[in-house]
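Below, each chain spelled out in residue letters.
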Amino acid sequence: MSDQKILAIVTLEKERVAGGSPIFVVDNREELERQAFTLEKILDAMVHEVAPTTFILVRHSD
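Residues numbered from 1 in each chain as written. Predicted model: local features only at pLDDT ≥ 70, side-chain atom pairs only at ≥ 80, totals over all residues. Heavy atoms only, no water.

Draft legend 1. Main features of the side chain of Thr54. Position of Thr54 among the secondary structure elements: in strand S4 (residues 54-61). For Thr54, the side chain forms a polar contact with the side chain of Thr11, separated by 3.0 Å. Discounting chain neighbours no more than four positions away, the residues touching Thr54 are Ile9, Val10, Thr11, Val17, Leu32, His48 and Glu49. (Helix = DSSP H or I, 4+ residues; strand = E, 2+ residues; numbered from the N terminus. Polar contact = N/O pair within 3.5 Å; in protein donor to acceptor, adjacent residues only side chain to side chain. Contact = heavy atoms within 4.5 Å.)

So, in structure tokens, the structure goes:
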């Protein structure tokens, strides 16, 4: 069974997200994508778009 962990959330809508992971709030779609893909490299994670305004970064391991 694989172990998955949400490492971070990047969003345009702060009021729509909560939880124990770090939340990065950005101002526009371009910054949303740039921040998510930069964090993807730094955290060795995968980016998943869960809504047009929110990406999560997940570490998938076996």
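Draft legend 2. Structural view of the pairing of strand S1 (residues 3-11). Taken together, the eight bridges between S1 and S4 define a ladder with antiparallel strand orientation. Note that in S4 the partner of Val10 across the bridge is Phe55. Across three bridges, the pairing between S1 and strand S2 (residues 23-25) is parallel. Looking at the pairing, Val10 lines up with Phe24 of S2. (Pairing = 2+ DSSP bridges.)

Draft legend 3. Spotlight on the nonpolar core. If you look at the biggest cluster of nonpolar residues, it comprises eleven residues: Leu7, Ala8, Val10, Val26, Leu32, Ala36, Leu39, Ala45, Val47, Phe55 and Leu57. Listing elements by their share of this core, those giving two or more residues are S1, helix H1 (29-43) and S4. Ignoring any residue separated from it by four or fewer positions in sequence, one finds Leu57 in contact with Lys5, Ile6, Leu7, Ala8, Val10, Ala36, Leu39, Glu40, Ala45, Met46 and Val47. (Core = buried A, V, L, I, M, F, W, Y, C linked by side-chain atoms within 4.5 Å. Buried < 20%, exposed > 50% of the residue type's maximum accessible area, 1.4 Å probe, protein only.)

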